[in-house]
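# Architecture at a glance
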Amino acid sequence: VFSQCVLYPHLYRTEEKSDIISTVEFNHTGELLATGDKGGRVVIFQREQESKNQIHRRGEYNVYSTFQSHEPEFDYLKSLEIEEKINKIRWLPQQNAAYFLLSTNDKTVKLWKVSERDKRPEGYNLKDEEGRLRDPATITTLRVPVLRPMDLMVEATPRRVFANAHTYHINSISVNSDYETYMSADDLRINLWNFEITNQSFNIVDIKPANMEELTEVITAAEFHPHHCNTFVYSSSKGTIRLCDMRASALCDRHTKFFEEPEDPSNRSFFSEIISSISDVKFSHSGRYIMTRDYLTVKVWDLNMENRPIETYQVHDYLRSKLCSLYENDCIFDKFECVWNGSDSVIMTGSYNNFFRMFDRNTKRDVTLEASRENSKPRAILKPRKVCVGGKRRKDEISVDSLDFSKKILHTAWHPSENIIAVAATNNLYIFQDKVN
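In this report, the structure presented in the accompanying data block is examined.

Conventions adopted
- Residues numbered from 1 in each chain as written.
- Predicted model: local features only at pLDDT ≥ 70, side-chain atom pairs only at ≥ 80, totals over all residues.
- Heavy atoms only, no water.
- Helix = DSSP H or I, 4+ residues; strand = E, 2+ residues; numbered from the N terminus.
- Rg over C-alpha atoms; globule rule 2.2 N^0.38 Å.
- Contact = heavy atoms within 4.5 Å.
- Areas by Shrake-Rupley, 256 points an atom, 1.4 Å probe, with all protein chains shown as cover.
- Lys, Arg positive; Asp, Glu negative; His and termini not counted.
- Charge placed at Lys NZ, Arg CZ, Asp CG, Glu CD.
- Buried < 20%, exposed > 50% of the residue type's maximum accessible area, 1.4 Å probe, protein only.
- Pairing = 2+ DSSP bridges.
- Axes fitted to C-alpha atoms, helices over the stretch in contact; angles between N-to-C directions.

Turning next to the overall build of the chain. Helices and strands together make up the secondary structure of the chain, namely 2 helices and 32 strands. In terms of overall dimensions, the chain is globule-like: its C-alpha atoms have a radius of gyration of 24 Å, near the 22 Å expected for 437 residues. C-alpha atoms of the chain, sized along the principal axes, occupy 90 × 55 × 40 Å. Of all intrachain contacts in the chain linking residues separated by at least 6 positions in sequence, the fraction that spans at least 24 positions is 54%. Roughly 22,200 Å² of accessible area belongs to the chain as shown, and the carbon and sulfur atoms make up 49% of that amount. For the chain, the centre of its 58 positive side-chain charges and the centre of its 63 negative side-chain charges are spaced 4 Å apart.

So, in structure tokens, the structure goes:
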């Protein structure tokens, strides 16, 4: 059971569209949590050091740094606006005192360095205290500059800008386990980059047909294997997953493995193709399994079995009868993400009405929880929610007809080693931790 530890409903004080959170990501230690929003901003939260020793306050995070990662641009050649929205954030493992993260909008990936400064140099010879150049004729003595303590300052500086490599919108970035390279994926191509080289990338997947009228599917998500630097997967809008090995050839146009579940003819409908499109794909921490999210389900695949998933979890099967209205209001095209917990034993993904779902792979139990400001107080225990589909509705149940489809949880993150989760509900960020007796 998760109890609410800390709420950040006032992180963004306005209700503007630019404040809508578009990605959430813990770093490798879980000490930092980054969010990106539609306004191109990145907000980094740092875990309270004191809270680690106090069990009830384990999940307390405070704002550490805020910076503008991307600005709106205009492609004059194509007469297209490039919005500043942050599509994905990925952390690099920490190698020194500074932190590094990748952030991307639709076209450009940036490598950011986030560092602390608590000392400033004083006593320059050629500059005065205001920083103005001094007249060399007035300099009669030589001073040794010294470092003086100052208030802690967190600086974010762009170290690399990886641009002009994608014709279509970037949907995924993934850091390789060699920590020297990363990949960026758009609708039709996947590029491999070296962190040190910004003006050149290698195209490793290209599914663009010679004639665009023959296009039948697009790439929806891609991720590197957590341990094998030569292996990656990408998912498609047709509900298939391809595993590729970069040792086989420079252009991975031939997959090594192809994961697809045969369609049940009895469930075939006008919406079958839309709801089978995979919105997210994630390797388990062990590297043995792949998890995929489509509109109605989460599936877990064993890398050694391609013909069907080993586990299928219904996220909101009660919406199957509502697909027509969800198509009309465009909700059927929403892209929900999914995450593993640190031990790969529990899966989490979002739904509508600010609900999010958890599935325990061992006990096969599942729970629906709600992230909302109305019924949440700090350290209150979250009550499981149930959705009623017709018939008599119990007191604590909510009718499927009264679900609010404008309130949706698309982005979630799970602490790499503890039961602390971050849930983005439109422009509010909620942080929960498991109940402590």
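Next comes the rest of the account.
This next bit is on the environment of S22. Relative to the helices and strands, S22 resides in strand β2 (residues 21–26). Judged by its relative accessible area of 4%, S22 falls in the buried class. Sequence separation between S22 and I89 is 67 residues; the distance between their C-alpha atoms is 9.6 Å. Not counting the four nearest positions on each side in its chain, S22 is found in contact with G36, D37, K38, K85, I86, N87 and H411.

Within strand β14 (residues 189–194), 5 of the 6 residues are buried, leaving the element largely enclosed by the surrounding structure. The sheet contact formed by strand β13 (residues 181–185) and β14 spans 5 bridges and is antiparallel. Opposite A185, over in β14, you have I190 as the bridge partner. Taken together, β13 and the strand that follows it, β14, pair antiparallel across an intervening segment of 3 residues. The sheet contact formed by β14 and strand β15 (residues 202–206) spans 4 bridges and is antiparallel.

Sheet architecture is open: 4 strands sit in the order β24-β25-β26-β27, paired in antiparallel fashion. Bordering the open sheet on either side are β24 (338–340) and β27 (366–370), each of which pairs with just one other strand. With direction set aside, neighbouring strand axes in the sheet form an average angle of 20°. By the bridge criterion, 3 bridges tie β24 to strand β25 (residues 346–350) in an arrangement that is antiparallel. If you follow W340 over to β25, its bridge partner there is I347.

Don't take any of this as a statement about function, it's just geometry.
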